[in-house]
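Remarks on the overall topology
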Amino acid sequence: MQHYIPNILFAIALILGIGFFVINIRKLFRNIKLGKDVNRTDNKKERLKNMMMIAFGQSKMVKRPLSGFLHIIVYAGFLIINIEVLEIIIDGLFGTHRIFKGIINENVYGFLIGTFEVLALLVFVAITIFWLRRNISNIKRFLSKEMKGWPKSDGNNILYFELILMTLFLVMNATDVSFQQAGIGNPISQFLAPFFNDYSPEALHTIERTAWWLHILGILVFLNYLYYSKHLHILLAFPNTYFANLNPKGQFTNLDSVTKEVKLMMDPDADPYAMPEEGAEEAVPEKFGASDVADLNWVQLLNAYTCTECGRCTSSCPANLTGKELSPRKIMMDTRDRLEEVGRNMDANKGIFVDDGKQLLNDYIKPEELWACTSCNACVEECPVNIDPLSIITDMRRYLVMEESAAPQELNMMMTNVENNGAPWQYNQQDRLNWANEE
Amino acid sequence: MNVPTMADLMAQGKQPEVLFWVGAAGSYDDRAKKISRAFVKILHQANVNFAVLGTEESSTGDAAKRAGNEFLFQMQAMMNIEVLNGYEVKTIVTCDPHSFNTLKNEYPGLGGVYKVYHHTQFIQKLIADGRLNIDATTLKGKKVTFHDPCYLGRANEVYESPRDLIRRLGVSLTEMKRSKSSALCCGAGGAQMFKDAEKGDKEINVLRTEDALATKPNIIATGCPYCNTMMTDGIKFKEKEKEVIVKDIAELIAEANNL
């Protein structure tokens, strides 16, 4: 029985690690579903192509070549080295050691592990450069106001996790005596092995086992860290690019609820004194625009969870570049923070949201930020995973204008002019063709 | 200047091949009116049978929509669509990327379906159809940089039409460090044109003008009346009016062809 204790402990760790993750992912789904419905099931082919090109193929990442190249290394490392996790899980559950070595050709196995080792080293180097960029270099987008505190440590935590996991993987291989003796698939760890020459075989075995256990436990902890971190993008980038808007970026949605009312207003046959149809009076009139997360659609909420706070949007935002309060990244971070707050509220109240007197507007995002936007779409264009901060800004402006009449005074004048004169300026519509005869 | 209206043509039982949507800026703004006139001269030279709505044209509602007033936008859109559909308009050309975007992308969902061209696309088509030539000698040797209007570029991915026309002018085109999909906004979009900028440490149009001036141009070319205003103000702010002028591509073509 004692012989099976490691296997049992491993199984428990695995079940706990995956189970806890699944519980949190279900919360994530529940929170995203708080958003309004929007149909993004059309054009499956184009959606799939976008996902393959942009998320899987990283096509927008490389628009900034240095960070794009480094990111591809880490991304490829993540995808490929994780094949090794499969072997680790089987070994852990059944008490085997490097089970694939016996199943597949030894040279093939060596090639695979060798590739993992090379990638692990490359990832180590890339992560080190990332850390230097975040902490030493003076890169403005990592130093913005919204990156103080948790967002900064979150970014660094992820890098530390990855550094430790790569180190453990290489140490595990370096202290595996039979693996080193076989000499196949150890292109990197063979240079680490000499550091352990002075240890007894028992001590080496203990180090190897410790590294092995810490490696897999680290992976399980990292998996569960995702839910609390900006690092969720490694999973959500795929659905996010799949469900992203396919229309031209300049095309804003036409609100159906408004169309109904405008048609009624313009219909000469409409009876202004008509009684509402039976049952209609109970319907709550639809809110125009968004003041809280539940007024946004589920794709906008998915966007918020997907954002990894890289700040490419903010670094290309004309308002932000000229010192205005607006930062598209902050719009996404605020949306997620508020959504998580609403989620915790529901958790604490048996799944039902109890009004907390707060909302996304004012408590997180200030009108001053919203009114600084030029709707230029630079943030949408820049986002490596097709997040659309502009749609949230627009929906919140709609709320400010249509529900609260809280537009800046000059915009109210502009709108009055459009209404009265058919132009944003106070000119007489009868003078509209004067330009033709002025030269 | 002969600018027929749809009402005139209808009275004569005629239908033009294209409606020129002038837009509020092109109708009322002194600087933008010159762009409207330059474009009309080009249409005349190419013998295009066109018309405008004249006093029947009203704001597309673009600025109201970007400001968040969906009600006002849809009211404007539906009134305009009623007029356009009444005249059985099929094809529209406009010098304003904001009107272009709204008419092309946002009107169809409300019942206004038209083939919509930005004037740079339309002029390109006139050249391709052999109806217009651009004289490549008049402006030869001038250094030009092109500022991408957001609602033409990123919003609708029209990057080549304006550049193709500029090259045909025989000038040398130098790109700014931020151009095409990564172009910086002039600061006018999203209804900013009609309000003071929010508190910051710089005006957006000044930053963009600096991008343009870094290419040491004689001419900053644009394809949007609002960008034109912003860049012109930027040049004034930088006190470079003597060395650098801001021109719409339609004006450059009219100048090149001595219209």
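Residues numbered from 1 in each chain as written. Chains lettered and ligands numbered in written order. Predicted model: local features only at pLDDT ≥ 70, side-chain atom pairs only at ≥ 80, totals over all residues.

With that settled, consider the overall build of chain B. When its secondary structure is counted, chain B shows 11 helices and eight strands. Against the 2.2 N^0.38 benchmark of 18 Å for 259 residues, chain B shows a C-alpha radius of gyration of 18 Å, consistent with a compact globule. If one aligns the C-alpha atoms of chain B with their principal axes, the spans along those axes are about 50 × 45 × 30 Å. Here chain B holds 259 residues, and 58% of them are scored as buried. (Helix = DSSP H or I, 4+ residues; strand = E, 2+ residues; numbered from the N terminus. Rg over C-alpha atoms; globule rule 2.2 N^0.38 Å. Buried ≥ 20, exposed ≤ 12 C-beta atoms within 10 Å, placed from the backbone.)

So, on to the pairing of strand E7 (residues 219-222) of chain B. All names here are of chain B. Neither face of E7 is exposed, since Ile 219 and Ala 221 on one face and Ile 220 and Thr 222 on the opposite face are all buried. Pairing geometry for strand E5 (residues 143-146) and E7, over three bridges, is parallel. Following the sheet pairing, Thr 145 is matched in E7 by Ile 220. Across four bridges, E7 lies against strand E8 (residues 245-248) in parallel orientation. The residue of E8 that forms the bridge with Ile 220 is Val 246. Between the parallel elements E7 and E8, the chain passes through helix H10 (residues 225-237) in a crossover that is right-handed. (Pairing = 2+ DSSP bridges. Right-handed = clockwise from strand over helix to strand, strands pointing away.)

Time to look at the domain arrangement of chain A. All names here are of chain A. Entries for chain A in the domain assignment read domain 1 (2-32 + 64-242) and domain 2 (256-421). Measuring from the centre of the C-alpha atoms in domain 1 to the corresponding centre in domain 2 gives 40 Å. Taken together, the contacts link 20 residues of domain 1 with 22 residues of domain 2. If you list the elements that add at least two residues to the side of domain 1 that touches domain 2, you get helix H1 (5-32) and helix H11 (233-242). Taken together, the residues of the side of domain 1 that touches domain 2 break down into eight nonpolar, six polar and six charged. (Domains from an automatic or database assignment. Contact = placed C-beta atoms within 7 Å. Nonpolar A, V, L, I, M, F, W, Y, C, P; charged D, E, K, R; others polar.)

All names here are of chain A. Position of Trp 298 relative to the elements: it lies in helix H13 (residues 298-306). Owing to 18 C-beta atoms within 10 Å, Trp 298 belongs among the partly exposed residues under this scheme. In the structure, Trp 298 is positioned 185 residues away from Ile 113 in sequence and 41 Å away in space, judged by C-alpha atoms. Among all residues touching Trp 298, those that are not within four sequence positions of it are Ile 32, Lys 33, Gly 35, Lys 36 and Val 38.

This paragraph deals with the nonpolar core. If you look at the biggest cluster of nonpolar residues, it comprises 145 residues, and the most contacted ones within it are Met 396 of chain A together with Ile 42, Ala 250 and Ile 253 of chain B. Here the element with the most residues in this core is helix H20 (residues 389-403) of chain A; it accounts for eight residues. Excluding residues within four positions of it along the chain, Ile 253 of chain B makes contact with Ile 42, Ile 123, Ile 134 and Leu 165 of chain B. If you look at the next biggest cluster of nonpolar residues, it comprises 25 residues, including Ile 88, Phe 116, Leu 165 and Met 166 of chain A. (Core = buried A, V, L, I, M, F, W, Y, C linked by C-beta atoms within 7 Å.)

Before going further, it helps to examine the sheet that holds E7 of chain B. Residue and element names in this part refer to chain B. Read across the open sheet, the four strands follow the order E6-E5-E7-E8; overall the sheet is parallel. Two strands bound the open sheet, and with one partner strand each, they are strand E6 (172-173) and E8. H10 contacts E7 and E8 of the sheet and is inclined by roughly 170 degrees relative to E8. (Axes fitted to C-alpha atoms, helices over the stretch in contact; angles between N-to-C directions.)

Right, let's talk about helix H4 (residues 83-94) of chain A for a bit. With 12 residues, H4 of chain A should reach 16 Å at 1.5 Å per residue; the first-to-last C-alpha distance of 18 Å fits that figure. Phi turns positive, to about 70 degrees, at Gly 95 of chain A, one or two residues after H4 of chain A. (Expected span 1.5 Å × (residues − 1).)

Here we come to the interface of chain A and chain B. Note on interface size: it is often stated as the accessible area lost on association of the parts. Across the contact, 59 residues belong to chain A and 59 residues belong to chain B. Elements with a contribution of two residues or more to the side of chain A that touches chain B: helix H12 (256-266), helix H15 (318-321), helix H19 (378-382), H20 and helix H21 (409-421) of chain A. For the side of chain A that touches chain B, the class distribution of residues is 30 nonpolar, 17 polar and 12 charged.

Here we take up the packing of helix H2 (residues 44-56) of chain A against H11 of chain A. Residue and element names in this part refer to chain A. It is the contact of H2 with H11, at a shortest axis distance of 7 Å, that shows an interaxial angle of 140 degrees. In terms of orientation, H2 and H11 fall into the oblique class. Relative to H11, H2 is oriented so that their crossing is right-handed. For the pair formed by H2 and H11, the contact residues are Arg 47, Asn 50, Met 51, Ile 54 and Ala 55 on the first element and Ala 237, Phe 238, Thr 241 and Tyr 242 on the second. Considered class by class, the residues forming the contact of H2 with H11 number six nonpolar, two polar and one charged. (Parallel < 35°, antiparallel > 145°, perpendicular 65-115°, else oblique. Left-handed = near helix turned anticlockwise from the far one by under 90°.)

What follows is about the environment of Arg 329 of chain A. All names here are of chain A. Relative to the elements of secondary structure, Arg 329 occurs in helix H16 (residues 328-348). Along the backbone, Arg 329 and Cys 310 are 19 residues apart, and their C-alpha atoms lie at a distance of 8.1 Å. In contact with Arg 329, not counting residues within four places along its chain, are Glu 146, Cys 307, Glu 309, Gly 311, Cys 313 and Thr 314.

Residue and element names in this part refer to chain B. As summarised here, the arrangement of the four strands in space is E2-E1-E3-E4, forming an open sheet in which the pairing is parallel. Every other strand in the sheet has two partners, leaving strand E2 (50-51) and strand E4 (115-118) as the edge strands with one partner each. In this structure, strand E3 (residues 91-94) lies alongside E4, joined through four bridges in parallel fashion. Across the sheet, Ile 92 pairs through a bridge with Val 116, a residue of E4. Strands strand E1 (18-21), E3 and E4 of the sheet are contacted by helix H6 (residues 97-106), whose axis makes an angle of about 165 degrees with E4.

Another point: the environment of Tyr 227 of chain A. Residues and elements named next belong to chain A. Looking at the element boundaries, Tyr 227 is found in the loop between helix H10 (201-225) and H11. We classify Tyr 227 as partly exposed; it has 18 C-beta atoms within 10 Å. Separated by 203 residues in sequence, Tyr 227 and Asn 24 place their C-alpha atoms 6.7 Å apart.

Residues and elements named next belong to chain B. The geometry of helix H9 (residues 204-213) relative to H10 is characterised by a closest axis approach of 8 Å and an angle of 80 degrees between their N-to-C directions. As summarised for this structure, H9 and H10 are arranged roughly perpendicular, according to the angle between their axes. On H10, the residues that touch Asn 205, Val 206, Arg 208, Thr 209 and Ala 212 of H9 are Met 230, Met 231, Asp 233, Gly 234, Ile 235 and Phe 237. Residues belonging to the contact of H9 with H10 are distributed by class as follows: six nonpolar, three polar and two charged.

The subject of this paragraph is the confidence of the model for chain B. Note that predicted coordinates carrying low pLDDT should not be read in detail. With 100% of its residues at a pLDDT of at least 70, chain B reaches an overall mean of 98. Both confidence scores are given for the complex: pTM 0.96, ipTM 0.96. (pLDDT = per-residue confidence, 0-100.)

So, about the pairing of E1 of chain B. Residue and element names in this part refer to chain B. Examined bridge by bridge, E1 and E2 share two bridges and lie parallel to one another. Opposite Val 18, over in E2, you have Phe 50 as the bridge partner. Two elements, E1 and E3, share three bridges in a ladder whose sense is parallel. Paired with Leu 19 across the bridge in E3 is Ile 92.

Residue and element names in this part refer to chain B. The phi angle at Ala 191 is positive, at roughly 70 degrees, despite the residue not being glycine. As for its placement among the helices and strands, Ala 191 is situated in the loop between E6 and H9. Under the C-beta neighbour-count criterion, Ala 191 is labelled buried, with 28 such atoms within 10 Å. The backbone of Lys 216 shows a phi angle near 50 degrees, a positive value even though the residue is not glycine. In this structure Lys 216 comes out as exposed when scored by C-beta crowding, with 11 C-beta atoms within 10 Å.

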